[in-house]
Amino acid sequence: MLNVFSFFFLFAYSVQIDGASDLVVKEFNKQSVLVQKTGKGEKISPLDLDFTIQQDLLLLKNVLNAYGYLEHSISYRTTGNKIVFDIQSGKAFVIRAIRIKDCDAGTDICGDMTSRLRLKSGHVLQFNKLNQANDQLLDFLQNKGYTAPHYKKPYILVYYDAKEVEIEFRVIPGQQMLFGDLLLSGLEKVKASYIQNKIPWKKGDIFDKSVLEKFRTKLYETGLFSHISFKRHLRVDKGVVDIEVRLAEMPSRYIGVSGYFRTGEGLGGQLEWHHLNLTGHGDELALRFKVFNYFKRAEIEYSLPHFMTRKQNTYLSMNWEQSDRDAYESNLVTFYPYFKTKLNKNLKLYTGIQYQVGRAEKTEVTFDEKQKKLNTKKDPFNVNLVSFPVSVVYDSTDHKFAPTKGLYAYLEIAPFLGKERQNFTKIETAASYLLSFSLKQKEIPPFALFNKVSFGHLMGKNLDQIAPHQRFYLGGPETMRAYGLNLVGDLDADKHPKGGKSYGYYVGECRVQVHEKITLNLFHEIGVVNQTGLSDLFKEDNKFFHGSGITVCYYSPVLPIQIGCAIPWKRRKNYEDKYVDDAFQFYVGIGQIR
């Protein structure tokens, strides 16, 4: 009869906790079945309610003990449809002293163990931190060569009058082990010597568990492996640990495809082919082809890791490029051998020599007011340039291809030497910062703020003495998306961009994730191109260009897709009083996300 009664009479309840600290209440709410049911508005029968309350009373007792409230009392009462837990928690117990018993690894090791614990004398006793401290001790010992330490649960001596406790960790480190032989399994096309060159330890070094994880990270960074695991083989009689590395290789070849359409520039696409392990030593061969209405480019690049030092990679690059754009026409071949040196975790240095040969031509059109006609002037450049670019790159972003936070910045200085008025120095710098916000409320999607600022300056020559393809331009799919290709800055009478000796650019973007696979990007861009130096960039007579837009990105299972539209704030007119700038720029991209 009681079960039938309980089934037909269901009630909705709310829960209230009085007398407990915020930490206790928060932890209880995460684990309480009663809180979860009442929070969802579920109705509970009297029989189920009594059983659930008894469960939560036990939970409250455990939570209070876990946070150092060892002398407490708990009662509850039901007022209407509200369940109130009354708690007398008392004073939290604090740690009087911490000791390590049975440590036979020497005073240095045993003393280090105590000093490295995050648990300190004077801290409030919290059992979750106590468990973490036990794990810290084991990790510390394994990083010092003690591969199989023996331990027991910590012993706690309670002083109820003083509200204090003493904690005694009981750890026996055992035998200290050394690194032994390296065993490799699963290799197919990667040479064993390539793996051995990446080992961050030497045979006979004290075994260190953390070094294994660094080794794993290094191997994953090569992009050659889909799975990496370690198995330890202890040889206690020799005092060594042999490390077996089990590897599963990734496919060494892949193809990348992307397509693009943009108002004013038409269709374009890119095809890439990569061989990530050409000779079995992690050396990469890449072929890249780009074709647009105004631009064609073919490139071949070979990279060799760990050239001369473990922190230095060597690249040999050659490309052919043909452009037929409003700004200029060009037909160029470039040879570029360079080094990439890793200075630290986030800092890289690029140095090299670049040789460029070919032809570039600038067309300038003026309007004759008297004769009411256009005059065209061709300014050809025979390009024969040698440069020595040096770049410093700082990258603290959390992901190479899809970052969610971090700073990316670079500075590049490239002196150019050549014939016929072509000596100059090109300086360019940029910094971008991405900050993501993950909100707990499900109805508010996570979003990110992206900011980027960049500047450039050409030193040494007047603008008309610098080849047009080396000048600075803004406008197009990479910068100032509200304007046509290279159209930010001064134009001649027939819409040919003149380019600049200096530029400044800023973009602010808010990225909102409206669905698991869809993001909405709102952006605003500001740009200025100046025909004189960087010091004149922010003078009042300079024209700052503004544009705003929106981009929708869909991450499909095959390729990402983006669709966007950008609008210039102010449209310019030419000598015929016709608009030079389009009312908007519409673009679609497949396989690339800006």
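Placed above this text is the structure.
Residues numbered from 1 in each chain as written. Predicted model: local features only at pLDDT ≥ 70, side-chain atom pairs only at ≥ 80, totals over all residues. Heavy atoms only, no water.

K.L.:
Even after reading the chapter, I still don't get helix α2 (residues 22-31), so can you show me in this structure?
P.N.:
Residues spaced three or four apart along an α-helix face the same direction, because each turn holds 3.6 residues. For α2, the full list of buried residues reads V24, E27 and F28. Mapping the buried residues of α2 onto a view down its axis gives an arc of 100°, with all of them on the same face. Exposed and oriented more than 90 degrees from the buried face of α2 are D22, K26 and K30. Looking at the buried positions of α2, the neighbouring elements they touch are β2 (14-18), α3 (33-39), α4 (46-66) and β5 (82-88). (Buried < 20%, exposed > 50% of the residue type's maximum accessible area, 1.4 Å probe, protein only. Helix = DSSP H or I, 4+ residues; strand = E, 2+ residues; numbered from the N terminus. Arc of directions from axis to C-beta. Contact = heavy atoms within 4.5 Å.)

K.L.:
Explain the pattern of salt bridges here, please?
P.N.:
Note on pairing: side chains with opposite charge can pair once their charged atoms come close. Throughout the structure, instances matching the rule amount to 24 salt bridges. For the salt bridge of R99 with E166, the shortest nitrogen-to-oxygen distance reads 3.1 Å. Of this pair, R99 sits in strand β6 (residues 94-101) while E166 sits in strand β8 (residues 164-172), and the two are 67 residues apart along the sequence. Classification of R99 by relative accessible area gives partly exposed; the value is 38%. Residue classification places E166 among the buried residues on the basis of a relative accessible area of 12%. (Salt bridge = Lys/Arg side-chain N within 4 Å of Asp/Glu carboxyl O.)

K.L.:
Just checking my understanding: could you explain a negative patch on the surface for this structure?
P.N.:
A grouping of D324, D326, E329 and D494 is seen on the molecular surface, where their side chains present a negatively charged patch. Relative to the assigned elements, D494 resides in the loop between β24 (447-459) and β25 (502-515). Relative accessible area serves as the criterion here: at 42%, D494 is assigned to the partly exposed category. (Patch = residues over 30% accessible without salt bridge, like charges linked within 9 Å, V, L, I, M, F, W, Y side chains within 5 Å. Areas by Shrake-Rupley, 256 points an atom, 1.4 Å probe, with all protein chains shown as cover. Lys, Arg positive; Asp, Glu negative; His and termini not counted. Charge placed at Lys NZ, Arg CZ, Asp CG, Glu CD.)

K.L.:
Honestly, the nonpolar core in this entry has me stumped. Any pointers?
P.N.:
The nonpolar side chains of a soluble globular protein tend to be buried, and buried together. Counting 31 residues, the largest nonpolar core has F424, L474, M480, Y483, V488, Y503 and Y505 as its most contacted members. The set of elements that each furnish at least two residues to this core consists of β20 (373-387), β22 (406-418), β23 (424-437), β24, β25 and β26 (518-530). Those residues in contact with V488 that sit more than four places away from it in its chain are L474, G475, M480, Y483, G527, V529 and F545. (Core = buried A, V, L, I, M, F, W, Y, C linked by side-chain atoms within 4.5 Å.)

K.L.:
For this particular structure, what's the right way to read the packing of α2 against α4?
P.N.:
When two helices pack together, their arrangement is given by the angle between the helix axes and by the axis-to-axis distance. One way to put it is that α2 packs onto α4 with a least axis distance of 10 Å and a crossing angle of 140°. Judged by the angle between their axes, α2 and α4 are oblique. Viewed along their axes, α2 and α4 form a crossing whose handedness is right-handed. Contact residues: V24, E27, F28 and Q31 in α2; D56, L59, L60, V63 and L64 in α4. (Axes fitted to C-alpha atoms, helices over the stretch in contact; angles between N-to-C directions. Parallel < 35°, antiparallel > 145°, perpendicular 65-115°, else oblique. Left-handed = near helix turned anticlockwise from the far one by under 90°.)

The analysis is restricted to geometry; functional conclusions fall outside its scope.
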